[in-house]
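Descriptive structure summary
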Amino acid sequence: MTARDSSQIYFDCNATTPSLPEAAEAAMAAMRSFYGNPSSTHASGIRAKHILELTRQKAGQVIGCDPSRVVFTSGATEGIQIAVLSALHSAAANLRVGRPIPTKILYGATEHKAVPQAVQHWKGVLGLQLEILPIPVDHRGCHDLAFLAEHARDTLLLCTMAVNNETGVISDLAGIERVLRGASQTALWLVDCVQALGKLPIDFARHTIDYAPFSGHKLYAPKGIGFLYARDGAPLTPLMVGGGQERGLRSGTENLPGVAALGRVLDALITPDEAIFHPHDRLSQFRDALVASLKQAFPDIRFNTSFEVAVPTTINFSVPGISSREMINVFDAAGVRMSAGSACSSGKATRSYVLDAMNCPEWQSASALRLSFGPATSAEEIERGCTAILGAAAALRASCMLVNRAGFEAPEVWRDGVIQFASSDSSNTWLLSNKTTRECVIIDPTEEVAERILHFVECQHAHVLGVLDTHSHADHESPRPVLQTLLRSYMPTPDTAFDPLGWPAELEPIALDSGERVPCIRWGRAKEQWVLARLATPGHTSDSCTFLYGTTLDGKSLRAQNVRFAFAGDMVLIGGLGRTNFVSSDAAAMYASLHRLNGTLAEQTIVCPAHDYDNTFITVWETERRSNELLVLTLDRHDLLAKEKFFAAKQAIDLELAGREQLFQGMVCGVVNATGEAQGRCSLGPGELKPFVQDVAGRGSQVLLVDVREPSEFAMVGDWAAHGLPQEPKNVPLSRLANFVGELLSNPSNLAAPIVFICQSGVRSLQAAKSLRRLGFQQIWSVEGGMAYGFG
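So, a few notes on the structure that sits alongside this text.

Procedures and definitions
- Sequence positions are assigned chain by chain, starting from 1 and proceeding in written order.
- Whole-chain, interface and lining totals are the exception, using all residues; otherwise, since this is a predicted model, local features are given only for residues with pLDDT of at least 70 and side-chain atom pairs are given and counted only at 80 or more.
- The basis for every side-chain value is the complete set of heavy atoms in the structure, and neither hydrogens nor water enter the calculation.
- The helix count covers DSSP runs of H or I at least four residues long, the strand count covers runs of E at least two residues long, and both are numbered beginning at the N terminus.
- Here the globule rule is a power law, 2.2 Å times the number of residues to the power 0.38, and the radius of gyration is based on C-alpha atoms.
- Exposure categories follow from relative accessible area, calculated using a 1.4 Å probe and restricted to protein chains: below 20% of the type maximum is buried, above 50% is exposed, and the middle band is partly exposed.
- Contacts were defined at the residue level, with two residues in contact if any of their heavy atoms lie within 4.5 Å.
- Calculation of accessible area relied on Shrake-Rupley with a 1.4 Å probe; when residues are assessed, cover is drawn exclusively from the protein chains displayed.
- For the charge count, each Lys or Arg is scored as positive and each Asp or Glu as negative, with His and the chain ends excluded.
- Throughout, a charge is located at the NZ atom of Lys, the CZ atom of Arg, the CG atom of Asp or the CD atom of Glu.
- Cysteine sulfurs are considered disulfide-paired once they come within 2.5 Å of each other.
- By this definition, two strands are paired if DSSP reports at least two bridges between them.
- When a carboxyl oxygen of Asp or Glu lies within 4 Å of a side-chain nitrogen of Lys or Arg, that pair is called a salt bridge.
- Within this scheme, the nonpolar core is defined by two criteria: the residues are buried Ala, Val, Leu, Ile, Met, Phe, Trp, Tyr or Cys, and they are joined through side-chain atoms within 4.5 Å.
- For Phe, Tyr and Trp, rings pair up if their centres lie within 6.5 Å, where Trp contributes its six-membered ring, and each pair is then called stacked (planes under 30 degrees apart), edge-to-face (over 60) or tilted (otherwise).
- Axis geometry follows a simple rule: fit a line to the C-alpha atoms, using only the stretch in contact for helices, then measure angles between N-to-C directions, giving values from 0 to 180 degrees.
- Oblique is the label for any angle not covered by the other classes, which are roughly parallel (under 35 degrees), roughly antiparallel (over 145) and roughly perpendicular (65 to 115).
- Two helices crossing with the near one rotated counterclockwise from the far one by less than a right angle form a left-handed crossing, whereas a clockwise rotation gives a right-handed crossing.
- Gly is placed with the polar residues, together with every amino acid not listed as nonpolar (Ala, Val, Leu, Ile, Met, Phe, Trp, Tyr, Cys and Pro) or charged (Asp, Glu, Lys and Arg).

1. Points about the overall build of the chain
When you go through the chain residue by residue, the secondary structure sums to 24 helices and 31 strands. In terms of overall dimensions, the chain is globule-like: its C-alpha atoms have a radius of gyration of 30 Å, near the 28 Å expected for 792 residues. Taken along the three principal axes of its C-alpha coordinates, the chain extends 90 × 65 × 50 Å. For the chain, the proportion of its 792 residues judged to be buried stands at 57%. Once local pairs closer than 6 in sequence are excluded, the contacts in the chain between residues at least 24 apart make up 67%. For the chain, the exposed surface amounts to about 32,300 Å²; the carbon and sulfur share of it is 52%. Across the chain, the 69 positively charged side chains and the 82 negatively charged ones have centroids separated by 3 Å.

If you want it as C-alpha cells, here you go:
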C-alpha cells in the first residue's frame, strides 16, 4: 500500500495518486545509482538504457503490444498532442500531393478537454479545413453509436476515451470499433486510456486502436512520466526534435527516475499482488460501502455515475441545494479530498460539461462532486472515509445547509443577522434573520440558491415576513413568486396579497429623516424594533427600490443614524453604479435617487448590493461617497455642471458594458471599479503569523484571529493547536461578513485594530482582507496558504 498522510482521506485519485513506496524507491535509486544518460555508450549509460528498455518491455506486456510501439512521454497530454499532430500532419501531407482525405474529426462529447482542444489547435496550425463534431452520449454517458455510424465513413480521426475521468463510465470500445471499421478501415482512432490502466484489462493486439496515451501519476507513479502506444503503421510525427531519443519520436533526455518508478508500478500489474493493488471485486465492495454512507448522509443524493457501466473506483454525485464548491470545502475541512470534476478544469468551471452532455439537470451539473479512490486505497481509509462523510453531513445540517430529516438531530444555533447567499453569476441573495422573533425576510432571491433558502427556513422553523425583489429584471423572470408560493406556509398570514416586488399589502408606514413616509416590515414589537423600510429609488429600472434595515425606538420613525444596512439592488454597486440603458432605465431618475438616498443613510450604513462582481462582498456608504467616482460627482454640490457631467459619464460607461458581459459570460447590471482599496501588502506568510502575534502582544495589544470559512467547515476542526494556531479563532463566515463589519464600525478604534483572517487555502481570507482594507481598516491581514499549509 502507499504511504500517505494519515490525517487525510484521499479520494481524488482520478486527479492524481500518491507514489507507491516501491516506485519512489526505484526513482531514488535511479537518481543515486543509475544517473547515466541512456544515450551514453559507457557503463553508466548502458545501465540506464537497460532500465529504460526493461520498462518499455513491461509496458508492452501490460497493454498487449510489441514494446517498440511504446514511446515514453511526460504524460497523457503530451501523448495526445503527438497523436493528434501525427494524424493531422499525415492528412496535410496527403492534401499537398493531391490525395483526397476524409473531412471530419469526431470526439466524444464527454472527452477530456485536452483532446478537442488539441484537435482545434493542430487543425489551425496546419491550416486544415475539417469539420469537428462531438459524438453525443446518453444519460449514462455512453456514446451514440448511431451518430458514429452516420459519420464514420467521412471520419479522418476518431477520439474516444476508455474510461471517463469524471463519471468512471466505461466506453463500449468493441461496439465503437465494430461501427468504425464497418465503415472505414483507414480512419485513425485515438483512445485516451489514462483512467483505464490498472482498472480494466487492456490488450491492443485485439483492437485496431491507433493511438493510446497513458499517464503514470494516475496510477501511483510520479508526475512527469507517461507513454504513448502507437499501432504499427499509424502515422507518427515528432512533437519535439533535436536529440533523436525514443527513435527520433520524442527528443530530449529521458526521465529515467520516472521511467524506473513506472516500471515498478507495471511490475505490480504484471504479477498481481493484493498487498499492493486490490482486485476488482474488492474495489466494488469499497464502492458499495461508500455509496451506502453517502445515501445515509444525504437522503436526497443523486448519483451521476451509472454504476452498472462504470469502473468501481469513481462515484460522481450531487446533493440538492449545495454547490460543489461548498461540498468540497466542508469535506476538505473534514480531511476528505475530493474534486468537482476534472482537476484540469475544476478551478475555472462552474458546471460539468460532462454532465451537461449527459443532459443532467443544471443543478446536478453545478453541484457535482467526484469521489475517486484507487486500486491501492486501503480498507482502513475507506472505513475512515465513510465515517467522515457522515460527520461532514452532520456539520452541514447543523449550519442549515441541509434539511433535517426524521432521525437527524435539529441544530441548536439560530443563524442571526444578515446572511449573504452568493450565486455563480455574481448575484447576491440576502436573508435578514432575527434570533429574538425567529422571523426572516429574503431579498433578491436567485434560482441557484432557492433550495438553500428553503433549507434554511425549514431547518430553523422560521417565520417568513417577506420574499422581496429590489427591482424587476431586464433579462429574466425573478424566481421570487415561485419561492414565495413554496414558503407561504411559513408566513404569518398565508393568504396575504403581494405587490409586483413581493411586498405585503397594507403595511404600516414609517417616517424617514427626509420626511417621507414609506412602507415597512416590522420584526416583533420590542421597544427597539427592527424594521425594513422601502424607499423608491428609480433609475436602474423604473421600479427600483432601496430597502433600509435598521432599528426604531418609537415605532414611528427610522432615523438615518439607525439605518444599519441598505439593500440597494443594482443602483449602488461596489465602486460603481447600476446601468441606465435598459428600456425602463432613466439616468435623470437615478441622479435624483442618489441624492434622496444620501439623505436617508448614515456614513457607516453598510450597503449590500444585488451583484458582487469582484468578491468584495459589501461596502459602506461613506466609502462610496469618498471613492465611487460617479457618486462623488453626483453629490458634489459645488459643481454647477455635476448633473450634465453625470449624464455624459453614465452614458459612456453604459456603452462599455458589452465587453464586461463577455468577461462575465452574461448580462452585467452595472460597472464596478473598487477604487479606494488600500495599497500595499495585506498577506502574512505561513511562518509569519506567530511572530506577528507576538509582536502585537509586545506592544500591549492583541490580534483578533478570524476564520472566514462556513460554520460547517469550522465545526470539523477538533484541535486548533495541531494547526499551529495559538488560540481558537472567531468564526465569521464570508456569508456573514456584513454583520462583522457592522460590529467593527460600532467602535471607531477598531479601524486600527489588528485582525488576521484565515481559511483553508488563503483565498477566501485574502478576499475578506482586501474588502476590509478598502473600507478603511488599517491592520487587516490574511495568511497565505491557510490551514492547508499550516501556520508554523
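2. Describing the state of the cysteines
Summed over all chains, the structure comprises 1 disulfide. Shown here is the disulfide that connects Cys 400 with Cys 459, its sulfur atoms set 2.2 Å apart. With the S-S dihedral at roughly -65 degrees, the linkage between Cys 400 and Cys 459 falls on the left-handed side. On the criterion of sequence distance, the pair formed by Cys 400 in the loop between helix H12 (379–398) and strand E13 (417–422) and Cys 459 in helix H13 (residues 450–460) is long-range, its members being 59 residues apart. Free of any disulfide, Cys 520 has its nearest neighbouring cysteine sulfur in Cys 545, separated by 14 Å. The buried category is assigned to Cys 520, whose relative accessible area is 2%.

3. Some thoughts on the pairing of strand E22 (residues 563–569)
Most of E22 sits inside the fold, with 6 of its 7 residues counted as buried. Taken together, the 4 bridges between E22 and strand E25 (residues 606–609) define a ladder with parallel strand orientation. Paired with Phe 567 across the bridge in E25 is Cys 608.

4. Regarding the pattern of salt bridges
Taken as a whole and assessed by the stated rule, the structure comprises 31 salt bridges. Of the charged contacts in the structure, one is a salt bridge between Glu 246 and Arg 56, with a shortest N-O distance of 2.8 Å. Within this pair, whereas Glu 246 is found in the loop between strand E8 (226–230) and helix H7 (256–270), its partner Arg 56 is found in helix H2 (residues 43–63), the two being separated by 190 residues in sequence. You can call Glu 246 buried: its relative accessible area is 5%.

5. So, the nonpolar core
Counting residues in hydrophobic clusters, the biggest one holds 59 residues, and the most contacted among them are Ile 63, Phe 204, Phe 214 and Phe 277. Top element by residues in this core is H7. It accounts for 8 residues. Once residues lying within four places of it in the same chain are set aside, the contact partners of Ile 63 are Val 70, Ile 202, Asp 203, Phe 204, Phe 214, Phe 227 and Tyr 229. Within the second largest apolar cluster, 42 residues are counted, among which are Trp 430, Leu 532, Phe 567 and Val 706.

6. Considerations on the packing of aromatic side chains
Under the defined criterion, the tally for this structure stands at 18 aromatic pairs. Relative to Phe 565, the ring of Tyr 549 lies with its centre 6.2 Å away and its plane at 35 degrees, an arrangement referred to as tilted. Residue Tyr 549 is located in strand E20 (residues 545–552), and its partner Phe 565 is located in strand E22; the two are separated by 16 residues in the primary sequence. Seen from their ring centres, Tyr 591 and Phe 647 are 6.2 Å apart, and the 65 degrees between their planes marks the pair as edge-to-face. Note that Tyr 591 is positioned in helix H15 (residues 587–598) and Phe 647 in helix H18 (residues 642–655), a separation of 56 residues in sequence. On the basis of relative accessible area, Tyr 591 is assigned to the buried category, the value being 12%. Owing to a relative accessible area of 29%, Phe 647 belongs among the partly exposed residues under this scheme. Taken together, the ring pairs in this structure connect Phe 204, Phe 214, Phe 227 and Tyr 229 into an aromatic cluster.

7. Thoughts on the sheet that holds strand E17 (residues 509–512)
In space, the 8 strands of this open sheet follow the order E21-E17-E18-E19-E20-E22-E25-E26, with mixed pairing throughout. Lying at the two open borders of the sheet, with one neighbouring strand each, are strand E21 (557–558) and strand E26 (619–620). Relative to E26, E25 runs antiparallel, the two sharing 2 bridges. Bridging from a neighbouring strand, Val 607 pairs with Thr 619 of E26. Against the sheet, helix H22 (residues 737–745) engages E22, E25 and E26, with an angle of about 165 degrees to E25.

8. Considering helix H9 (residues 324–333)
One turn of an α-helix holds 3.6 residues; hence residues three or four places apart share an orientation. Counting buried positions along H9 gives 7 out of 10 residues, so the element sits mostly inside the fold. Among the residues of H9, those classed as buried are Ser 324, Met 327, Ile 328, Asn 329, Val 330, Phe 331 and Ala 333. Just downstream of H9, Gly 335 is the residue with a positive phi angle, here 90 degrees.

9. Overview of the environment of Val 703
Residue placement: Val 703 occurs in the loop between helix H20 (689–698) and strand E28 (704–707). Through-space distance from the C-alpha of Val 703 to that of Gln 779 is 9.7 Å; in sequence the pair is 76 residues apart. Leaving out residues up to four positions away in the same chain, Val 703 has contacts with Phe 692, Val 693, Val 696, Gln 727, Pro 754 and Val 756.

10. Concerning H22
Most of H22 sits inside the fold, with 7 of its 9 residues counted as buried. Those residues of H22 that sit buried are Leu 737, Ala 738, Asn 739, Phe 740, Val 741, Leu 744 and Leu 745.

11. Focus: the packing of helix H8 (residues 280–297) against H12
Relative to each other, H8 and H12 sit at 15 degrees, their axes nearing to 9 Å. As the angle between them shows, H8 and H12 are arranged roughly parallel. Note on packing geometry: the crossing formed by H8 with H12 is right-handed. Two secondary-structure elements touch here, H8 through Arg 282, Phe 286, Ala 289, Leu 290, Ser 293, Leu 294, Gln 296 and Ala 297 and H12 through Ala 379, Ile 382, Cys 386, Ile 389, Leu 390, Ala 393 and Arg 397. Looking at the contact of H8 with H12 residue by residue, the class counts come to 11 nonpolar, 2 polar and 2 charged.

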